[in-house]
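# Coordinates in review
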Amino acid sequence: MSVLLLAGSPSERSRSAALLDAVSARLRAAGATVERLQIRDLSPQALLLADTGNRSVSAAMAQVARASALVVATPVYKAAYSGVLKVFLDLLPQSALKDKTVLPLATGGSPHHMLALDYALRPVLQSLSARHILPGIYATDAQVTLTPEGAYDLVPEIGLRLDEAVTALLQERQRMRPLAAFAPVAFASVRCSY
Ligand SMILES: Cc1cc2nc3c(=O)[nH]c(=O)nc-3n(C[C@H](O)[C@H](O)[C@H](O)COP(=O)(O)O)c2cc1C
């Protein structure tokens, strides 16, 4: 199973990206293949002008196409998700998330906008044909604390919720595995019961 971690913050040092780091460690420990895509690393001009022929943008779109599941992390900006994430999602084809499972994550300055994942991001993921969108996880800045070394630490409650979310993601992919192929049965061999 290959999972793409999509980082939607424009900031280099990012709390929402710290949630992705924690998810990444859990997925790798469970044997999943994990790729990461930082939207801030893509050409800003290509993103803004929807230049899908740009190398960095087309490579990013190919990463989305390859993944069987996505974990999408964003900061809350003005009661919604980041503009950086929006310009990238706008470039994707309408069926970009078809057959994919998505886990949305967000961090925000306060708990007031915790529903932004549901009222803002979820409909966009749905419009991209996501097969299954798992319940999102929202952490406040106070729950993603800065250590003296400059790293981010998660409070245990968020760690536990990420444990559950990763388990749900892996179980969902397991459940969606295509059924083992079986040989076709000739019509003449079909028996009816009376
Ligand atoms: C431009 C801007 C707008 C923001 N708007 C909100 C907001 O509406 N609600 C909120 O709870 N936090 C808001 N915040 C705070 C960020 O969501 C919060 O600090 C988040 O953890 C940053 O994530 P990041 O470090 O991954 O960028 C805003 C921050 C910025 C820079």
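Residues numbered from 1 in each chain as written. Predicted model: local features only at pLDDT ≥ 70, side-chain atom pairs only at ≥ 80, totals over all residues.

### Some remarks on the overall build of the chain
Our working definition: A run of H or I in DSSP counts as a helix once it spans at least four residues, and a run of E counts as a strand once it spans at least two, with each numbered from the N terminus. To sort residues by burial, count the other C-beta atoms lying within 10 Å of each one's C-beta; a count of 20 or more means buried, 12 or fewer means exposed, and anything in between means partly exposed. C-beta atoms are built from the backbone.
Across its full length, the chain carries six helices and eight strands. Each helix and strand of the chain, placed in order from N terminus to C terminus, yields the pattern β-α-β-α-α-β-α-β-α-β-β-β-β-α. With respect to the three principal axes, the spread of C-alpha positions in the chain is 70 × 40 × 30 Å. Taken over 194 residues, the chain has a buried fraction of 36%.

### Remarks on the site of the ligand
Note the cut-off: Throughout this description, a residue near a molecule or strand is one whose C-beta atom, derived from the backbone, lies within 6 Å of it. Note on residue categories: nonpolar means Ala, Val, Leu, Ile, Met, Phe, Trp, Tyr, Cys or Pro, charged means Asp, Glu, Lys or Arg, and polar means any other residue, Gly included.
Taken together, 18 residues are adjacent to the ligand, and S16, P75, T107, G108 and G109 come closest. Secondary-structure elements contributing two or more residues to the shell around the ligand are α1 (15–29) and β4 (101–108). Classifying every residue of the shell around the ligand by side-chain character gives five nonpolar, 10 polar and three charged.

### Comments concerning unusual backbone geometry
One non-glycine residue with positive phi stands out, namely A50, at about 55°. Along the chain, A50 falls in the loop between α2 (44–48) and α3 (55–66). Judged by C-beta crowding, with 12 C-beta atoms within 10 Å, A50 ranks as exposed.

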